[in-house]
Each structure stands twice: as C-alpha cells, then as structure tokens.
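# Observations on the three-dimensional arrangement
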Amino acid sequence: MRFYFQLQLKMLNRRLVDFGLPPYIGYALSLLAFIGFCVYIFLKTAFAPYILIGLGFSFLLQLSESGRNNALKSYFPKEDFVKLRLMENAIVALPFLVVLVFNLAILPAIAFLLAALGMIFFKFENKLNLTIPTPFSKRPFEFTVGFRSTFPLILFTYFLGVMAVIADNFNLAVFSQVTVIAICLSYYGKPEDAFYVWTFSESPKSFLLRKIKTAILQSSMLAIPIVVLMLIFFPEQAILIAAFQVVGFLYLATLILAKYSAFPQGINLPQSVMLAVSFLFIPVLPVFTAYFYNEAKGRLKILLDDQN
C-alpha cells in the first residue's frame, strides 16, 4: 500500500510540474485557496457546513467509482483493499472535517465522517446507461461534455439557489450564481486535439469570436434558472446581479483566449498568473484580454486560414 500512495503522490507532483508549478507552491496555493473559500462561506451563510460537505462528497464519489475500485481489487487482497480505501477516504475527508470542527459544526462533522468511511463499501457507476440530454449542440463540444460530467454539481448549485430564497439570504444566492460561472469556466481548462481545430475553415479571429459567442450563449442557459430566481426574490439587487453575470462573461472570454494563446499545450504558469491577476483586479482585465487575443491569433494561424 505504501507504494500505491507514493505513486499517487508522484503522479500529482507531475501534474503540477506539467502545469508549470513546483509541487510545494502548488500545494501551498491550493491550501490558501481552500482556506479562503471556507472562511468566505462561513462568513456569508449559515448553510456553509452543508456546502462544504457537498464539496467533500464530490471528491469522495470519484474515489468510489466502480471501474477504479474493481481495478484496485484486482491488485490488492480484500483486507488490504479495505484498508487502502479507508485511508484514501480519510485523507480526502480530513481537511473538510478540520474546518467543520473548527467552526463547531460537530454533528455535521460526525455525519460526514461516518458517511465517508461507509462509502468504501459502495460503488458508483461513472457511466450511466442513459444519456443525459443537454440544451447544447454537439459542436462546439465543451458544454455538451462538461454539462454531463458536472450535472450533479449543477443540480446542487440550483438547490443552493432555492435554499437562498427560502432563507432570504442574498449572499448564498450570489454564491450559487458565481458557482455556475465557475463550473462554466472549468469546461475550458483542457485543450482539445489540434486536429479538431484544424477542421474549421475560418480565420483565427472568426474562430475565437465564435468560441466566445457560443460560450456566452450556452453559459447563459445554465445561469438563467439562478438569475431569474434572484431577480424575482431580490429585485432590489438587480444591478448587482447583472454585474456579476457580465463579469462572469468577461472572465469566460478571457479564459478562452488564454487557452488558445497556449494552444496546443495547456495554460502554463505565467498565463495562470496573468489570469489570476486579471480576475482579481478587474481594471487590468482588458489589457490581459487583448494580450491573450493577439497571442491566440498567432497560435491559431498555424492551423487555420491565415486571414485577418
């Protein structure tokens, strides 16, 4: 088992290095991001323990995927398999448990711990026999694929929106709106195969504008339930709601341009830093957006028609 966990650590370190981050910096940034997220939700809403538990379960479900567990069973004896799964779930659950206990959410922490340990005896199919219908076309593919992989998370986000209305908590409603935007941003994290881009007969400018238009349209479809709910029950905050959504569209456009500014490789460390700066300091967003646009056009000229 020791070798298994060493291998997992090496794989994680390699992913961070491929992303352009030294492992120790990657772990430090992840820890700071997690702490910041926890502080924010516990300051803003009484539903913070349940939001945190939902996030924890999203990670634990990945460890309980049936194909993964069947593979582990073929490598380890039954007793070692149970110990390994207990250790895996305990490691993943630990940060969430620490935060829950620190914030005196003792009963939710106990329930989460028992559920996390009990999940080792259950397997979840990652591939359903049914196809989840989507309101998106198959081309471009990002939202079609992303929607199906994040469908449970989207439903949970809508649930938070409903709870925000019931509790008359505008901050929780904003959190659900921002979460939908973050989910949409996650669809553009991984570059597609260069051959897929090459099949488009258009200029880099046309390709990028079409990508951005499609992303805004399709992200609007996911955002509509939350936004409409907020406008109905928090009409006095209409300007703020609209501002959050517009900024979300700007982030989405900037991320798409950043993605293709590094294409066919993934976004590297310097580009990640520029994205982080532009997302945190909105006034500089147009500067970095223009930079990513010019870089993306240069990258795409190799694959698309050299026009405009």
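Before reading on, note that the structure itself is shown above.
Residues numbered from 1 in each chain as written. Predicted model: local features only at pLDDT ≥ 70, side-chain atom pairs only at ≥ 80, totals over all residues. Heavy atoms only, no water.

## Here we look at the overall build of the protein
Put simply, the test is: Here a strand is any run of E in DSSP of at least two residues, a helix any run of H or I of at least four, and the numbering for each starts at the N terminus. When we talk radius of gyration, it's over C-alpha atoms, and the globule rule is simply 2.2 Å times the number of residues to the 0.38. Each residue is assigned to one of three classes by its accessible area relative to the maximum for its type, calculated with a 1.4 Å probe on protein chains only: buried under 20%, partly exposed between the two thresholds, exposed over 50%. Contacts are residue-level and defined by heavy atoms, with any inter-residue pair within 4.5 Å sufficient. Using a 1.4 Å probe, the Shrake-Rupley method yields the accessible areas, and only the shown protein chains count as cover for residues. Charge counting follows a simple rule: Lys and Arg are positive, Asp and Glu are negative, and His as well as the terminal groups are ignored. Where a charge lies is defined by one atom per residue type: Lys uses NZ, Arg uses CZ, Asp uses CG and Glu uses CD.
Per the secondary structure count, the protein includes 14 helices and 0 strands. For a compact globule of 308 residues, the expected C-alpha radius of gyration is about 19 Å, and the protein comes in at 21 Å, within 12% of that figure. Buried positions account for 39% of the 308 residues belonging to the protein. Sequence separation of 24 or more characterises 71% of the internal contacts of the protein that already satisfy a separation of 6 or more. Approximately 17,500 Å² of the protein is accessible, and the part contributed by carbon and sulfur atoms is 71%. Of the charged side chains in the protein, 24 are positive and 15 negative, and the gap between their average positions amounts to 3 Å.

## What about the packing of aromatic side chains?
The condition that has to hold: Aromatic rings from Phe, Tyr and Trp, taking only the six-membered ring of Trp, are treated as a pair when their centres fall within 6.5 Å; an angle between ring planes under 30 degrees marks them as stacked, one over 60 as edge-to-face, and anything in between as tilted.
In this structure the tally under the stated criterion is 15 aromatic pairs. Geometrically, the ring pair formed by F96 and F112 is edge-to-face, given 6.2 Å between the ring centres and 70 degrees between the ring planes. Residue F96 is found in helix α5 (residues 78-102), and its partner F112 is found in helix α6 (residues 106-118); the two are separated by 16 residues along the sequence. With 5.5 Å between their ring centres and 45 degrees between their planes, Y260 and F263 make a pair best called tilted. Accessibility expressed as a relative area gives 0% for Y260, which makes it buried. The buried category is assigned to F263, whose relative accessible area is 2%. Taken together, the ring pairs connect F34, F57, F59, F96 and F112 into an aromatic cluster.

## Side note on empty space enclosed by the protein
What counts, and what does not: In this analysis the probe radius is 1.4 Å and the grid spacing 1 Å, with only protein atoms considered; a cavity is a set of points the probe fits into but cannot get out of, a pocket is an open set with protein on both sides within 12 Å along at least five of seven lines, and lining residues have an atom within 4 Å of a point. Grid points are joined across faces, edges and corners, and a volume is the space filled by probe spheres set on the points. Note on residue categories: nonpolar means Ala, Val, Leu, Ile, Met, Phe, Trp, Tyr, Cys or Pro, charged means Asp, Glu, Lys or Arg, and polar means any other residue, Gly included.
Inspection of every chain in the model, using the stated rule, returns 1 cavity of 30 Å³ or more. Looking at the largest cavity, its volume works out to about 60 Å³. Together, V180, I181, C184, L185, S219, A223, Q245, G248, F249 and L252 line the largest cavity. At the level of elements, α9 (170-186), α11 (204-233) and α12 (238-261) are the ones that each hand at least two residues to the lining of the largest cavity. Partitioning the lining of the largest cavity into residue classes produces 7 nonpolar, 3 polar and no charged.

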